[in-house]
Amino acid sequence: VQDTGGSSAVSKGSAAARGYIQDRFLRLLAGRQRRRAPLIHRGYYIRARAVDYCIRDFLLRTQSHPRTQILSLGAGFDSLYFRLKDVGLLHHTVVYEVDFSSVVCQKAALIKRVEELSALAGDAGGEGLGAIAFCGEDYKLLGVDLSELSELERALEEAGLDNEIPTLLIAEVVLTYMESSRSDALIQWAAERFPQACFLLYEQVHPEDPFGRVMQQHFVQLNSALHSLAQYPDCEAQQRRFLGKGWSECSVMDMNEFFTCCIPEDEQQRVQTLEPFDEYEEWHLKCSHYFVLAASKGMEPPWAPLLPSGTALHLACAVGVAGSVPAAVCPALSGVPGLRRYGHHSVLIKPDVILTTGGFGEEDGQHCRVRSFHVLSKRAGSWRTGCVTKKSAGERLYHTVSCLSDSLALVVGGRTSPSRAGLGMLWLKFPRTCDAPDPDGIAVELVNLQAAAEPATLRWRHSTTEVTFKGEQYLFVYGGRSALEPVLGDWCFLHTRELSNAVIAVEGPAPESRHSHSACSWEGGVLITGGLGAAEQPLGSIFLLRKLEHGFRWQTVETHPPLIPRYSHTAHVHEGKLLLVGGVWLHASSVPGITVVDLMTGLCLDYEIDVEHLEWPLMLHNHSSVFLPNEKELLVIGGGGNCFSFGTHLNPEPVLLSLSSILPSH
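Residues numbered from 1 in each chain as written. Predicted model: local features only at pLDDT ≥ 70, side-chain atom pairs only at ≥ 80, totals over all residues. Heavy atoms only, no water.

- Named according to an unreviewed UniProt entry, the protein chain is tRNA wybutosine-synthesizing protein 4 originating from Pitta sordida.
- UniProt annotates the protein chain under Pathway (unreviewed entry) with the comment "tRNA modification; wybutosine-tRNA(Phe) biosynthesis."
- For the protein chain, the Sequence similarities (unreviewed entry) comment in UniProt is given as "Belongs to the methyltransferase superfamily. LCMT family." (UniProt positions renumbered as here; feature names shortened; annotations may be inferred.)

1. Observations regarding the domain arrangement of the protein chain
Item 1. For the protein chain, the assigned domains are domain 1 (1-297) and domain 2 (321-658).
Item 2. Between the C-alpha centres of domain 1 and domain 2 the distance comes to 41 Å.
Item 3. With 29 residues of domain 1 in contact, the opposing surface of domain 2 contributes 35 residues.
Item 4. When domain 1 packs against domain 2, the two sides together hide about 2,700 Å² of surface, and 60% of this comes from carbon and sulfur.
Item 5. Three residues stand out in domain 1 for area buried against domain 2, namely Asp-278, Tyr-280 and Glu-281, and they jointly supply 24% of the buried area on that side.
Item 6. On the surface where domain 1 and domain 2 come into contact, there are five salt bridges.
Item 7. Inspection of the region where domain 1 meets domain 2 yields 15 residue pairs in polar contact (both at pLDDT 80 or more).
Item 8. Every element with two or more residues in the side of domain 1 that touches domain 2 is listed here: helix 3 (38-61), helix 9 (210-221), helix 12 (255-262) and helix 14 (280-288). (Domains from an automatic or database assignment. Contact = heavy atoms within 4.5 Å. Buried area = accessible area lost by both parts, 1.4 Å probe. Salt bridge = Lys/Arg side-chain N within 4 Å of Asp/Glu carboxyl O. Polar contact = N/O pair within 3.5 Å; in protein donor to acceptor, adjacent residues only side chain to side chain. Helix = DSSP H or I, 4+ residues; strand = E, 2+ residues; numbered from the N terminus.)

2. Thoughts on the packing of aromatic side chains
Item 1. The full count for this structure, using the stated rule, is 30 aromatic pairs.
Item 2. Their ring planes at 55° and their centres at 5.7 Å tell us that Tyr-478 and Trp-554 sit as a pair that is tilted. Remark: Trp-554 occurs in strand 29 (residues 552-556) and Tyr-478 occurs in strand 22 (residues 472-478); sequence separation between them is 76 residues.
Item 3. Among the aromatic side chains, those forming a connected cluster through ring pairs are Phe-469, Phe-476, Tyr-478, Trp-491, Phe-493, Phe-543, Phe-552 and Trp-554.
Item 4. Sitting over the face of the ring of Tyr-290, Lys-286 holds its NZ or CZ atom 4.2 Å from the ring centroid.
Item 5. In this structure, Lys-286 is placed above the aromatic ring of Phe-644, and the distance from its NZ or CZ to the ring centre is 5.0 Å. (Phe/Tyr/Trp six-rings, centres within 6.5 Å; stacked < 30°, edge-to-face > 60°. Lys NZ or Arg CZ within 6 Å of the ring centre and 35° of its normal.)

3. Overview of empty space enclosed by the protein
Item 1. Applying the stated criterion across every chain, the model contains one cavity of 30 Å³ or more.
Item 2. Lining the largest cavity, in full, are Met-255, Asn-256, Phe-259, Thr-260, Gln-272, Trp-283, His-284, Ala-535, Glu-536, Gln-537 and Leu-586.
Item 3. At the level of secondary structure, the elements contributing two or more residues to the lining of the largest cavity comprise helix 12 and helix 14.
Item 4. Ranked by residues supplied to the lining of the largest cavity, first place goes to helix 12 with four residues.
Item 5. Mapping the lining of the largest cavity onto the domain boundaries places at least three of its residues in each of domain 1 (1-297) and domain 2 (321-658). (1 Å grid on protein atoms, 1.4 Å probe; cavity = no way out; pocket = protein on both sides within 12 Å on 5 of 7 lines; lining within 4 Å. Points joined across faces, edges and corners; volume = space filled by probe spheres on them.)

4. A look at the pattern of salt bridges
Item 1. Per the counting criterion, the structure on display carries 35 salt bridges.
Item 2. We note a salt bridge from Glu-363 to Arg-371, for which the minimum N-O separation is 3.6 Å.
Item 3. Residue Glu-363 is classed as buried on the basis of its relative accessible area, which comes to 6%.
Item 4. Put simply, Arg-369 and Glu-395 hold a salt bridge, and the shortest N to O gap is 3.3 Å. Of this pair, Arg-369 sits in strand 14 (residues 366-369) while Glu-395 sits in the loop between strand 16 (382-390) and strand 17 (400-403), and the two are 26 residues apart along the sequence.
Item 5. Overall, the relative accessible area of 29% leaves Arg-369 in the partly exposed class. (Buried < 20%, exposed > 50% of the residue type's maximum accessible area, 1.4 Å probe, protein only.)

5. Comments concerning the environment of Phe-58
Item 1. Examined against the element boundaries, Phe-58 turns out to sit in helix 3.
Item 2. According to the relative accessible area criterion, Phe-58 is buried, its value standing at 0%.
Item 3. Counting along the chain gives 142 residues from Phe-58 to Leu-200, while the straight-line C-alpha distance between them is 10.0 Å.
Item 4. Each residue touching Phe-58, except ones within four places of it in the same chain, is listed here: Thr-68, Gln-69, Ile-70, Pro-166, Thr-167, Leu-168, Cys-198, Met-299 and Trp-303.

6. Topic: the pairing of strand 13 (residues 360-363)
Two faces belong to every sheet, and in a regular strand the side chains alternate between them.
Item 1. Judged from the two bridges that link them, strand 10 (residues 341-342) and strand 13 form a sheet pairing that is antiparallel. Each bridged residue has a counterpart across the sheet, and for Arg-341 the counterpart in strand 13 is Gly-361.
Item 2. With four bridges joining them, strand 13 and strand 14 adopt antiparallel strand pairing. For Glu-362, the partnering residue across the bridge sits in strand 14 and is His-367.
Item 3. In this antiparallel pair of consecutive strands, strand 13 and strand 14, the connection spans two residues, and Asp-364 shows a positive phi of 55°. (Pairing = 2+ DSSP bridges.)

7. Things to note about the packing of helix 7 (residues 149-159) against helix 8 (residues 180-193)
Item 1. Running from N to C, helix 7 and helix 8 point in directions that differ by 40°, and their axes come no closer than 11 Å. In terms of axis orientation, helix 7 runs oblique to helix 8. Here the hand of the crossing between helix 7 and helix 8 comes out right-handed. Across the interface between the two elements, Leu-149, Leu-152, Glu-153, Leu-156 and Glu-157 of helix 7 pack against Ala-185, Leu-186, Trp-189 and Arg-193 of helix 8. (Axes fitted to C-alpha atoms, helices over the stretch in contact; angles between N-to-C directions. Parallel < 35°, antiparallel > 145°, perpendicular 65-115°, else oblique. Left-handed = near helix turned anticlockwise from the far one by under 90°.)

8. Considerations on the state of the cysteines
Item 1. Taken as a whole, this structure holds zero disulfides when the rule is applied.
Item 2. As a non-bridged cysteine, Cys-135 has Cys-105 as the owner of its nearest cysteine sulfur, 14 Å distant.
Item 3. Looking at Cys-135, the relative accessible area reads 11%, which means it is buried. (Disulfide = S-S within 2.5 Å.)

9. Some remarks on helix 12
Item 1. Summarising burial for helix 12: seven of the eight residues are buried, a large majority.
Item 2. By the burial criterion, the buried members of helix 12 are Met-255, Asn-256, Glu-257, Phe-258, Phe-259, Cys-261 and Cys-262.
Item 3. Where helix 12 begins, one side-chain oxygen reaches toward the backbone nitrogen of Asn-256, 3.0 Å away; that side chain belongs to Asp-254.

10. Description of the sheet that holds strand 4 (residues 139-143)
Item 1. Spatially, 3-4-2-1-5-6-8-7 is the arrangement adopted by the eight strands of the open sheet, whose pairing is mixed. Across the chains shown, the open sheet's two edge strands, defined by having one partner strand only, are strand 3 (132-135) and strand 7 (249-254). When strand polarity is set aside, the average angle formed by the axes of neighbouring strands in this sheet is 15°.
Item 2. In this sheet, strand 5 (residues 167-172) lies alongside strand 1 (residues 68-73) in parallel orientation, the contact comprising five bridges. Paired with Ile-70 across the strands is Leu-168, a residue of strand 5.
Item 3. Where helix 11 (residues 235-243) meets the sheet, it contacts strand 6 (197-204), strand 7 and strand 8 (290-297), and its direction lies at approximately 160° from that of strand 7.

Printed below as a string of structure tokens:
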């Protein structure tokens, strides 16, 4: 548990060094410096912002009181006192920090050694008295085990804590490491001990969904299991916990909600442009698995920093589930390392033959951008797989592959790194007939078209959809992003023979810019669904690019109930029904399963995926899926991502989703 505090301090220091947070004291307290990934920076930025937001609100609301105090539980090497003191916010506030004795002794020695810290903290003597490791005029460090309440009480009395003045208690990822009975006792003790008190809690939530399971497993491996989650699995349970333990007001937000509601738009944009970034799914999932809670009692007026005026609290809502879809591992494909990848693309190149290209995953025993192409073929009702080729031209993520004939497919766009320009086009040539009994026998030839690259195709997280107009074949390339533009709203009609951009008239109001959406052919036009918009917010719109005699026209497709905004899903159309598979959403407490939209009536039904027979978390984002109409099955290949600091999760095996119960037979 103490190690998690040290790691956290290093991550906060790295975020400060890159300009996410303004805190010159972190580098002095963290000791070792190490540069973390952009995803880690964003995660620690939102944590620091949420905690700071509530602390400053407390200090502002209590500034008329002659004296206040802050009690930080499990503070570790946090810089809170020095930050507040430096900007003159502690005129009448004393800060008490409590942690394990070994931690506070190290911190006390560090403060005395570093002049910049000791000048602010001062030193009034008094160390060595009981649990007191450092005693400044307005700053005390106490070495106590938080689970021993009688010892904590005695140490606080010795240090001069005043029960009768407004007190803010802070527990930033601390209580969850204690047994629930002990952390409950501490919450109740605080309510009973202080007549005027506020409690700020920042912790994990949602342990049982796929990301939550990866998160839990990570902490178990660190020997610092998260104990609170079983009893308090969501924000509502945490709210009930505090209200049932003596606190009279309690508000709570997950970090997606906090980012949207409590951080000004210009600050959101500043953070979004600090570093090249392309891990939106994991950012939103991380934010949905952490919350900030503010509870109070005896405060006049009541303390409720998480209720911004005019904003409805709790974006998340329960999803009406119409039924479930069974998921089963595809037995013949289990244990194939080349299919463990994300950000790849899979396409049906012939009946019962699937080609999977690109992505990030397992290859040659390590995690890397995957060069190998995999062919899956079905014979006598059984799937088999083979590795076709390994070429560096195949290294790309978030590209598209369109099968244009019985021997040609076109790869469009994609990227290596988000800081580099998008990649050009690539022809994939394969035999007209695939009679080989083994998929390894199917040859795929790559033809690099970098020189002929149409500038409009240098993008990723876009869509390409086949359309015909006046007897000619085109690919409708839409949306996505590039190294310069975080989101694109333009499109082009790529003539498939000449690989040049054709001018075709498009009427109607254009959809807002988006990437990570889905696109399907339907009735000669293109259906665009969902995606991530300019403010990094998921979109819930469906647009149809309808084919006309003289061109195309954009029109909206209305659904009822409204489609829950999502992105990073896949989509297919079958007999007038739009099937949306997985993705990431922020507005619901569950994870996306299968959504079926009746394109005739607009009826929108959500189905959960029954994963009872899977022994591992099924992450349905950054995956690929192929619809098999004869069997009414979806074959899901790959998926997963870099789960914040909890490690990379790759779905280990392809999964078959049976849709026969939700797609009626004719």
